[in-house]
Each structure stands twice: as C-alpha cells, then as structure tokens.
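Remarks on the overall topology
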Protein chains: 2
Amino acid sequence: MSEVHVARRALLRERCAAAAATDAPPDAVLVTRPANIRYLTGRPACGAALLLGPGGIDTLLGPASADSPHHYDSARDDDLRTGRLSNPEGDTAVAAADLAATAGARLLAVEEHHVTVARYRGMASVASALRLTDISAPVEAQRVIKDEEEISALRTAAEITDQALGELLESILVGRTERHLALELERRLIDHGAEGSAFPTCVATGRNSGLAQHRPTDRRVEEGDFLSVRLGAQYHGYRCQIGRTFVIGTAPEDWQVELYDLVFAAQRAGREALTPGMACSDVDRATRQVLRGAGHAEALGSSTGHGVGLEIGEDPRLSPGAMGKLDACVPVTIEPGVHLPGQGGVRIDDTLVVRPAADGGPELLTITTKELLAL
Amino acid sequence: MSEVHVARRALLRERCAAAAATDAPPDAVLVTRPANIRYLTGRPACGAALLLGPGGIDTLLGPASADSPHHYDSARDDDLRTGRLSNPEGDTAVAAADLAATAGARLLAVEEHHVTVARYRGMASVASALRLTDISAPVEAQRVIKDEEEISALRTAAEITDQALGELLESILVGRTERHLALELERRLIDHGAEGSAFPTCVATGRNSGLAQHRPTDRRVEEGDFLSVRLGAQYHGYRCQIGRTFVIGTAPEDWQVELYDLVFAAQRAGREALTPGMACSDVDRATRQVLRGAGHAEALGSSTGHGVGLEIGEDPRLSPGAMGKLDACVPVTIEPGVHLPGQGGVRIDDTLVVRPAADGGPELLTITTKELLAL
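None of these values were measured; they are calculated from a predicted model.

1. Notes on the overall build of chain A
The helix and strand tally for chain A stands at nine helices and 19 strands. Rg of the C-alpha trace for chain A: 23 Å, near the compact-globule value of 21 Å for 375 residues, within the 12% margin. Each principal axis of the C-alpha atoms in chain A carries an extent, and together these give about 70 × 45 × 35 Å. The proportion of buried residues among the 375 residues of chain A is 54%. Contacts in chain A between residues far apart in sequence, at least 24 positions, make up 65% of those at least 6 positions apart. Only carbon and sulfur atoms are counted for the fraction: they give 51% of the accessible area of chain A, which is about 15,100 Å². Taking the 38 positively charged and 52 negatively charged side chains of chain A as two groups, their mean positions are separated by 3 Å.

Structure below.
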C-alpha cells in the first residue's frame, strides 16, 4: 500500500500549495486527525502527528509508550520517517512544529478544525519564527472519492454485516433484550472477520423502534413489536452501515404496514437520486419530500444520509443545507426513518456507492432484503 | 441529583472568579467537554454546550436532532435552562457564545484544552464585543475528589467487573480466541447490570500477554500461556478498571512465577503508597523502583496509574513527571506491567480509593484475587 500513501501525501502537498495561491504557500503541513493520518500513512495513529516537512520529508511522530504497536518503529517504508516521543508528557503536534521549524519551515499549515486552542498555543510557543495557518480540511476533501481498494474494503465490510444480520434473523427474538441482541450482532460481526463494529450497534424494539440514536436497553422483544436494528462492520479500517426494521410475530398491523411502505418509498427515492453530479441537498430532498408529503417531516433528523469510509460519518452530508454535488465512487448511506412517540417506528439504512448510469447506477453494498419481514 | 449539580456549578463559578483574581473575572463560563457537562448537569451531552451565564443563569444547549434523548427538553429542573439548536448545521458553542454576549457578558471563559481553533474563531466572530479567556481545566480539577455517591457508583462498577471476570475463570479457556474472550467478558458486564464497558476490553495471550495497549486478535489460548485481561464496567457513568494475569494449564514455568511475583510486588508497593498527602510521582516511583531493581524499567509505560471516574483516564496521573499530591476520596488505578518481547508478560491493575490510615487505608474496589491462578 506504500505507493498509495505516498501519492496521497503528494496530492495533499499540491492541494495545500494551490489553496494558498494568493498567499504564500505553507512550507510544511501538520496532520493530527487520526483518520486523516491513517488515510495518508496506512497506520492507525491515535495521539500521533504527521508532518509533511520542507524538502519533501514526511515524518510520523507517535506518543511515548512502552508497548504501543510498532507503527512508529524504524521505517517500514522508505518514504516515511517514523519516531516516537521520549518524553511521556510531550505533545506530538508540538514536537512536530518544533521539527518543522528546525527544518527551516516558516509557514506551517495545521488542521484548525481538529487542533485545540491549547495545543495551538503550545505549537506557537515552541517555534516563534513559525507562522501557523489553516489548511481548511483538505484531507477530508481528498477522502471523499474512494479508490477501488477502499471500495473493496467497504464491500467486504458490508458482506460481513449482511451475514451477521442474516444469522440473527434465523434465531428466536421474542423475549430477548435490546442489549443482548446488540451484543449478539457485534459478536457475529467479529465471527465473520470484522475488526470490530463500525459504530455502537443499535437495537430498538416496541416504542423505541425507529429512533435514530437509541441506546439498547433491557426492554425485551414482544409479539407485535417493530424491531429496528442498525449495525455495521469495520474492515481494514473502513466502516459501513445497514439499518432494517422487522415486525415480530404473526401479521403486522395496518399502521405498521403503512408506515413501513412510506419509509421504504422515501428510502428508495433517495437511492434512486444517487447519480454523479446530483446536488447533495437534492438527494436529501428526494428522500425527505416523500415523508413530508405524508405529514412526517417533523420526524426526520437533520440529515438523511452521509458519506462513509475510515469514519462512519464523513463528507458528504445529505441534508437540506449541504453544499456540493455527488461524484462517482463516493460511498454514502441513505437512511430515512420515522418514529411515532409512544408507538415506535421504522428506519431503513443502506450503504451505496455512487456510480454513473452507464455502469448500472448506484452500487448497493448492503443487500439484506428490505421487504417487511414478520419474524 | 439536581442539588448536587447546582452546587457543582456554583463551585465552578467561584473557582473561575478566584482564578482570575489578578485579571477581571469572567462574566460567563462555557463548558464543552462532554464529561464535564455530565458532571455539572447529570446529563450525557455529546455535542452540547453548557453556559454559566451572567446573573447566575445556566443554560444547556444541545445540537439540533429529531430524536435525540430528552436531555435538552423543557426544563426537568428549575435551575438549568435547556434548549436545542434549530439549525442542524449550527454549533452549540458558537450559539452559547452568542447567548452570553446577548445577556451582556464581556469576558467568556472557555475550555481551551477542548475547544478547537476553528470553533474558537467561530465564537470570536459571532460576538465581537466578547473577549475569550481560558479557564485552565477547573472542572477536571473539581472532578478529582469524588463524593460518596460517585464512589458508590464506582464500587458497583467494580462489583460488576469482578463478577464478569469470575465467571470467565470458571469456563474453559484453551482454544478460544482473544477476541471471543473479550466479547464474552463484555457481554457478562452487561448481564450484571453495566451500562457498557468502561473501555475496550483487552485480552492478550501467549506472546501478547502483558501488553498494555493490545487489541484482541484471533490468537487462541494455548497450554502454558500467560493470559492477561483488562476490563471494566461503566455504571451510572462511572468507570472502573481491573487487570489480571493467569497462567493456562498445569503448572507455571519458573520464569512465569518469577515475573508474576515481581509485578505483584511492584503493584503492592504502589497500592501501599496510596495515602492522602503522598505526591503522585512518589506513588509512581514506589511501583517503578521495584521493576527497575529487577532490570525491567524499560518495559514500563509512561505512567503506572491514573484517576478514574466519568472517564477512564482522568486526573491525577501517577507518573514520574506528575505534579500534585493525593487527596482522600480520589479513586485511582495501580497498574504496572512487564512485557518481554517474544515471550509475553504480566499486568496487574486495581482500582482503589485513597483513604486515610485512620479509615483503614486505601479501599480496594476490584477484589478478584491476585494469586497466580493456573486455569
């Protein structure tokens, strides 16, 4: 993977130079957000700092630690210097700023959306000749369009997720608690090869069903309940998301079928709107207007989908205020839901990759059926 | 719990006024770190902002969301105003700064160690008449000494943790993977009433054993292995930690017994050093010098223990560079370990509460035996 990461870092240098066209370009770029460091180096890097320094020299500084993994040990690839702080109280970003100044940098671009004010002051104080400037999240922008290797990791993550969910559907659900079902799903994700859950698994039943941000409780699944689940595997660092709603027991009631059909229609409208060049706010509108037409606009959250990748919620956002258009090879979720207080509700989430119509349109990664199953 | 939180907020106001003795005291204080907001309001508060405003009016602002829990809904207690942003793209800290300025504040204290530079700039731009200043982490300082209700939550968390670990020890371990054992422990924590794990459960076997920051792998437990586990329950928001090392199968080898006895002696030295008034660096030294005397100083991490509470790693730190002294009613971990590369190692972690000798000395919360068990 080393060439990929070298190329990504080279592109970041170019972008930073171009973004500063009217100003002096930065001599050095400091990346501290862990997902961005992972994207640029292939290494998980909590608490680390990546310096793209003067003269094309890139350095990854890790925190002092007796036994952290070997990500910072002497170079595994020749294109990235690695080191670790010797002072356990030290700050990797401050040390990297010092290194940049020592190497002759005069203008250091930092991630102002990630660096705290205290850390920023620390960097400014160690290297008084160094000016700090913002890089306006170019790594996040670079991460939006995925290469085939990244999409392949997401595809595997989705396969694992479908398998875990499929097995759960074959087991007996009535009488089990939300918490236990959530743990069971997480165990099955691991069984099928996930590194872990992409996010905390959500299982919501009865009056909790359809809540977007529900934390599993000790409520047990009962006959007649809606059961909504949301889970995702992490594979090679990439995270996908699926959400499904089922009805427990014999036949669903009329209101359940109606609500399900409505959310399904909204979710389909969003999926069908996923084409390269479409405005992100228009995809959101496609989903949202189906629910609004049925009087459920209030029940919707601030967005109806988002990008996925090394983080579960990344750019682009699919929301009314979102800027920008979709590109091909951008994986996103489409995830509308309606929750009726005191009654319950429905959520349906998929992860898809935007593809041109000539390539068959959006690629659905999470293929578990969206029929309303009575379990 | 409402009176407790009102009193905590009143104390924070006093501390901020006192800290600014030589300067003008801030008119308002903005708290954004989630654990600090929880401490001051009793409400989990991801993405929220708590404003201690002019005139003694406290306001908790939550992000816009259709169905997040009711923490921000119309006042559940009369002493805290609550609200939620209507704009889904809005930032709660920026909105709180605006609110402070509108209420007539001129100097707003913020948590510079938590606020990002970008957010800080956003706050500064909405309220140009408002000056921003740092509050130097007084909430973290306030959180160090726990009241009896907090210690009681920790005690329950420790009981749950001991139960989960005890059950695991009765099961068959050989042939099972680190990942599965970790998931099993997490399930048992939930079974016994935990809200969740205090931190990702660590299970390390064979040559992985004794690593502090190991992520469970697919390695299976084998006869003759050291098996080290580290886990903790979260209960009412409070998090404890235990670590134990066992030997698998018949009788331990000589090197295993020697290494275990050494780490045990180091851990006991640390525990026995826990008295009110003792310097944090001296507690660390007590632990560390036992290992250094045996030639294992290199194997130790940067600290040998830390405070626990609403976060798993909070003040005080027990490390060579730590400042300050221990007080009574401060819960800390003592957690030395030695890992021999290629061979494995031992970790022993306890959570204890510092108590004066007159009260019987340190209160051990995690009571699972520290004998070297052969399982």
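2. Here's the deal with the domain arrangement of chain A
Residue and element names in this part refer to chain A. Structurally, chain A comprises domain 1 (2–142) and domain 2 (148–364). Domain 1 and domain 2 are separated by 35 Å when their C-alpha centres are compared. The interface is formed by six residues belonging to domain 1 together with eight residues belonging to domain 2. Taking both partners together, domain 1 and domain 2 bury about 530 Å²; carbon and sulfur atoms supply 48% of that area. Our count for the contact surface shared by domain 1 and domain 2 stands at two salt bridges.

3. So, the relation of the copies chain B and chain A
Between chain B and chain A, which share one sequence, the superposing operator has a rotation angle of 180° and an axial displacement of 0.1 Å; the RMSD is 0.1 Å. Interpreted geometrically, this transformation is the action of a two-fold axis. Closest to the rotation axis within chain B is the C-alpha of Thr116(B), separated from it by 2.0 Å. Both copies present the same face, since 97% of the interface residues in chain B are matched by interface residues at the equivalent positions in chain A.

4. Quick word on unusual backbone geometry
Looking along the chain, the bond that leaves Asp315(A) and enters Pro316(A) is cis, with omega of 0°. Even without glycine at this site, Cys329(A) takes up a positive phi of about 70°. Mapped onto the elements of the fold, Cys329(A) is located in the loop between strand E14 (314–318) and strand E15 (331–334). A positive phi angle, near 50°, is found at His236(B), a position not held by glycine. Here His236(B) shows up in the loop between strand E10 (233–235) and strand E11 (238–239). A relative accessible area of 48% places His236(B) in the partly exposed class.

5. A closer look at the pairing of strand E15 (residues 331–334) of chain B
Looking along a regular strand, one sees the side chains alternate between the two faces of the sheet. Residues and elements named next belong to chain B. Neither face of E15 is open: one carries Pro 331 and Thr 333, the other Val 332 and Ile 334, and all of them are buried. Examined bridge by bridge, E15 and strand E18 (residues 350–353) share four bridges and lie antiparallel to one another. Its bridge partner lying in E18, Thr 333 is registered against Thr 351.

6. Describing the interface of chain B and chain A
The partner chain A presents 37 residues to the 38 residues of chain B that form the contact. Both sides together, the interface formed by chain B and chain A hides about 2,900 Å², and carbon and sulfur atoms give 54% of it. Linking chain B to chain A there are two salt bridges. A salt bridge links Arg121(B) to Glu112(A); the shortest N-O distance between them is 2.7 Å. Here chain B and chain A share 14 residue pairs in polar contact (both at pLDDT 80 or more) between them. Mapped by element, the contributors of at least two residues to the side of chain B that touches chain A are helix H4 (117–126) and helix H7 (178–191) of chain B. Of the residues forming the side of chain B that touches chain A, the biggest block, seven residues, is contributed by H7(B). Grouping the constituent residues of the side of chain B that touches chain A by class yields 14 nonpolar, 12 polar and 12 charged.

7. Remarks on the packing of helix H1 (residues 2–19) of chain B against helix H2 (residues 34–41) of chain B
All names here are of chain B. Running from N to C, H1 and H2 cross one another at 120°; their axes reach a closest spacing of 6 Å. In terms of orientation, H1 lies oblique with respect to H2. Of the residues in H2, those in contact with His 5, Arg 8, Arg 9 and Leu 12 of H1 are Arg 38, Tyr 39, Leu 40 and Thr 41. Considered class by class, the residues forming the contact of H1 with H2 number three nonpolar, two polar and three charged.

8. Some words on helix H1 (residues 2–19) of chain A
Residues and elements named next belong to chain A. Here H1 is 18 residues long and its end C-alpha atoms lie 26 Å apart, about the 26 Å a rise of 1.5 Å per residue gives. Among all positions in H1, only His 5, Arg 8, Arg 9, Leu 12 and Cys 16 are buried. Projected down its long axis, H1 carries its buried residues within an arc of 95°, all on one side. Residues of H1 that are exposed and point over 90 degrees away from its buried face: Glu 3, Glu 14 and Ala 18. Tucked inside the fold, the buried residues of H1 contact strand E1 (28–31), helix H2 (34–41), strand E2 (49–52), strand E3 (58–62), helix H5 (138–143) and helix H6 (148–169).

9. Structural notes on the sheet that holds strand E12 (residues 242–247) of chain B
All names here are of chain B. The strand order E8-E9-E12 describes an open sheet built from three strands, whose pairing is antiparallel. Two strands bound the open sheet, and with one partner strand each, they are strand E8 (202–205) and E12. In this sheet, adjacent strand axes meet at a mean angle of 10° when their direction is disregarded. The pairing of strand E9 (residues 226–231) with E12 spans six bridges and is classified as antiparallel. By the bridge assignment, Leu 231 is partnered in E12 with Ile 242. Against the sheet, helix H6 (residues 148–169) engages E9 and E12, with an angle of about 15° to E12. In this fold H7 packs onto E8 and E9, with an angle of close to 145° to the strand it touches most, E8.

About the thresholds
Residues numbered from 1 in each chain as written. Chains lettered and ligands numbered in written order. Predicted model: local features only at pLDDT ≥ 70, side-chain atom pairs only at ≥ 80, totals over all residues. Heavy atoms only, no water. Helix = DSSP H or I, 4+ residues; strand = E, 2+ residues; numbered from the N terminus. Rg over C-alpha atoms; globule rule 2.2 N^0.38 Å. Buried < 20%, exposed > 50% of the residue type's maximum accessible area, 1.4 Å probe, protein only. Contact = heavy atoms within 4.5 Å. Areas by Shrake-Rupley, 256 points an atom, 1.4 Å probe, with all protein chains shown as cover. Lys, Arg positive; Asp, Glu negative; His and termini not counted. Charge placed at Lys NZ, Arg CZ, Asp CG, Glu CD. Domains from an automatic or database assignment. Buried area = accessible area lost by both parts, 1.4 Å probe. Salt bridge = Lys/Arg side-chain N within 4 Å of Asp/Glu carboxyl O. Least-squares fit on C-alpha atoms with pLDDT ≥ 70 in both. Pairing = 2+ DSSP bridges. Polar contact = N/O pair within 3.5 Å; in protein donor to acceptor, adjacent residues only side chain to side chain. Nonpolar A, V, L, I, M, F, W, Y, C, P; charged D, E, K, R; others polar. Axes fitted to C-alpha atoms, helices over the stretch in contact; angles between N-to-C directions. Parallel < 35°, antiparallel > 145°, perpendicular 65-115°, else oblique. Expected span 1.5 Å × (residues − 1). Arc of directions from axis to C-beta.

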